[in-house]
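# Tertiary structure, described
Each chain is listed here by its residues.
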Amino acid sequence: MEVEANSQRSDLAYDPDQDRDEKREIRKNYRSLQEDESLLSANAIGVDSLTQRIQAADKLFKRVKGPQEATLDSAFLVTASNLGAAKARQMRADAGGFDVDDFVAKLVTFMGGRWEGEERIDADDETVEFEADQTLNWELIGRRALAKSRRVPATDFMLGPLSVEQKKRTVVKRTRLEKSDEVEKRPQELKEDDIEKSENETTKNVVMVENFLTKQKAPINIFRLIVNPQSFGQSVENLFYLSFLIRDGKAALEIDVDSGEPIVWLCEAPTDQDYAEGLRKKQMVMELDVETWKKAIEVFDIKESAMPTRKAARTKLGGKWYG
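Every value quoted in this text rests on a predicted model; they were computed, and no experiment measured them.

What counts, and at which threshold
Residues numbered from 1 in each chain as written. Predicted model: local features only at pLDDT ≥ 70, side-chain atom pairs only at ≥ 80, totals over all residues. Heavy atoms only, no water. Axes fitted to C-alpha atoms, helices over the stretch in contact; angles between N-to-C directions. Helix = DSSP H or I, 4+ residues; strand = E, 2+ residues; numbered from the N terminus. Parallel < 35°, antiparallel > 145°, perpendicular 65-115°, else oblique. Left-handed = near helix turned anticlockwise from the far one by under 90°. Contact = heavy atoms within 4.5 Å. Nonpolar A, V, L, I, M, F, W, Y, C, P; charged D, E, K, R; others polar. Pairing = 2+ DSSP bridges. Patch = residues over 30% accessible without salt bridge, like charges linked within 9 Å, V, L, I, M, F, W, Y side chains within 5 Å. Areas by Shrake-Rupley, 256 points an atom, 1.4 Å probe, with all protein chains shown as cover. Salt bridge = Lys/Arg side-chain N within 4 Å of Asp/Glu carboxyl O. Lys, Arg positive; Asp, Glu negative; His and termini not counted. Charge placed at Lys NZ, Arg CZ, Asp CG, Glu CD. Expected span 1.5 Å × (residues − 1). Buried < 20%, exposed > 50% of the residue type's maximum accessible area, 1.4 Å probe, protein only. Core = buried A, V, L, I, M, F, W, Y, C linked by side-chain atoms within 4.5 Å.

A separate point is the packing of helix 2 (residues 20-34) against helix 4 (residues 67-90). With their axes 10 Å apart at the nearest point, helix 2 and helix 4 run at an angle of 15° to one another. In terms of orientation, helix 2 lies roughly parallel with respect to helix 4. Note on packing geometry: the crossing formed by helix 2 with helix 4 is left-handed. Counted together, Lys23, Ile26, Arg27, Tyr30, Arg31, Leu33 and Gln34 of helix 2 and Gln68, Glu69, Leu72, Asp73, Ala75, Phe76 and Thr79 of helix 4 form the full contact between these two elements. Tallied by class, the residues present in the contact of helix 2 with helix 4 amount to six nonpolar, three polar and five charged.

What follows is the structure, encoded as structure tokens:
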């Protein structure tokens with residue numbers, strides 16, 4: 001069972017329990033790739049050497065299970081991409097291309113032109129001498145071309161077909177845009193007096209959460225506090241209001257050692273002296289999706305919301321209410 005669990009863990013894209021020695025080895029290998037002096041300039045590294053380093057990084061990435069190692073992989077990928085782009089800019093567009101002038105010169109020489117009395121070898125491996133005023137021997141190149149192709153020559157017109165049908169130009173008549181006689185409708189104009197802003201519920205609800213925690217004699221599970229089994233939206237809002245208390249240091253969040261559950265409770269907010277003595281704020285991101293919301297209701301058997309269910313906020317615009 002332990003072997004099966006380890007194999008399942010190795011298939012995870014993110015594994016916070018990955019072995020520390022393995023993570024340290026991965027970071028060391030990534031830093032050795034990144035600190036290579038040959039990666040400082042496109043002139044200092046060849047294409048084959050760059051390819052080998054990218055392949056080595058690909059092998060390391062298969063073992064990456066944490067964000068810190070993934071960041072090192074991204075940094076190396078950016079460096080390799082910049083080097084690849086620089087190497088591509090250094091390439092000549094006509095490198096290894098077809099030189100027409102060189103081809104024509106060799107073709108003329110093959111058919112007996114240019115030099116007087118020079119010996120040439122024809123298609124039948126026969127040595128032939130050409131004179132200065134001798135015309136080009138097109139038969140030589142013809143026999144050489146026929147040896148490479150079995151296609152039957154066919155006649156064709158050099159200047160195109162004999163009969164050409166002249167295309168008639170179609171004249172498109174443009175219709176004049178005429179305005180409709182119907183009554184024009186304009187969008188509703190809203191003035192500042194027509195907009196009635198709804199009451200700002202955030203401050204009031206943050207105070208409500210604070211008052212609820214004040215009445216609690218012991219720390220409470222964060223899911224039992226924020227989850228509303230009747231409304232996923234209000235569960236997210238409760239978490240949002242709680243975050244203000246945690247940000248201001250009025251509420252604390254930690255994992256219970258005995259039960260392993262995340263618990264919150266009201267605490268005394270730190271003073272300016274505490275921050276002057278070295279106290280630092282820490283941030284975290286807590287995700288609450290529909291699946292987590294449903295699972296929390298099932299696991300903690302939440303029947304009723306600890307926070308009272310609120311009415312949906314409504315806003316009046318131009319005599320109509322929206323909400």
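So that's the structure; there's more coming.
The next point concerns the pairing of strand 5 (residues 251-255). By the bridge criterion, five bridges tie strand 5 to strand 6 (residues 262-266) in an arrangement that is antiparallel. The partner of Ala251 across the bridge, within strand 6, is Leu266. As consecutive antiparallel partners, strand 5 and strand 6 are separated by six residues, and within that stretch Gly260 has a phi angle of approximately 75°, a positive value.

So, about a negative patch on the surface. A grouping of Glu268, Asp272, Asp274 and Glu277 is seen on the molecular surface, where their side chains present a negatively charged patch. Looking at where Glu277 falls in the secondary structure, it is placed in the loop between helix 10 (272-276) and helix 11 (290-299).

Looking now at helix 4. Under the 1.5 Å per step criterion, the end-to-end length of helix 4 is 35 Å for 24 residues, consistent within 8% with the ideal 34 Å. Of the positions making up helix 4, those classed as buried are Glu69, Asp73, Phe76, Thr79, Ala80, Leu83, Ala86 and Lys87. Summarising the contacts, the buried residues of helix 4 are in contact with helix 2 and helix 3 (47-61).

This part is about helix 7 (residues 201-215). With 15 residues, helix 7 should cover 21 Å at 1.5 Å per step; its first-to-last C-alpha distance of 21 Å lies within 8% of that length. For helix 7, the secondary structure elements touched by its buried residues are strand 4 (220-221), helix 8 (222-226), helix 9 (232-247), strand 5 and strand 6.

Core analysis: the largest hydrophobic core is formed by 23 residues, its most contacted members being Leu213, Leu225, Ile226, Val227 and Leu242. Contributing elements (two or more residues each) for this core: helix 7, helix 8, helix 9 and helix 11. Residues within four places of Leu242 in sequence aside, it is in contact with Val209, Leu213, Ile222, Leu225, Ile226 and Val264. Residues Leu39, Ala42, Ile45 and Leu83 belong to the second largest nonpolar core, which totals 14 residues.

Before going further, it helps to examine the packing of helix 2 against helix 3. Put simply, helix 2 and helix 3 touch, their axes get as near as 11 Å, and they point 160° apart. What the angle tells us is that helix 2 and helix 3 run roughly antiparallel. The two elements helix 2 and helix 3 meet at a crossing, and its hand is left-handed. Between helix 2, through Asn29, Tyr30 and Leu33, and helix 3, the contact on the second element is made entirely by Arg53, Ala57, Leu60 and Phe61. Grouping the amino acids of the contact of helix 2 with helix 3 by side-chain chemistry returns five nonpolar, one polar and one charged.

This part takes up unusual backbone geometry. Here Asp301, not a glycine, exhibits a phi torsion of approximately 50°, which is positive. Take Asp301: it is sitting in the loop between helix 11 and strand 7 (315-317). Take Asp301: its relative accessible area is 48%, and that puts it in the partly exposed class.

The next subject is the pattern of salt bridges. The final tally for this structure, using the stated rule, is nine salt bridges. Residue Asp102 is joined to Lys106 by a salt bridge in which the shortest nitrogen-to-oxygen separation is 3.5 Å. In this pair, Asp102 and Lys106 both sit in helix 5 (residues 100-110), four residues apart, roughly one turn of the helix. Close ionic contact of Lys303 with Asp301 constitutes a salt bridge, the shortest N to O distance being 3.3 Å. You can call Lys303 exposed: its relative accessible area is 62%. The network of salt bridges with common partners includes Glu22, Glu25 and Arg63.

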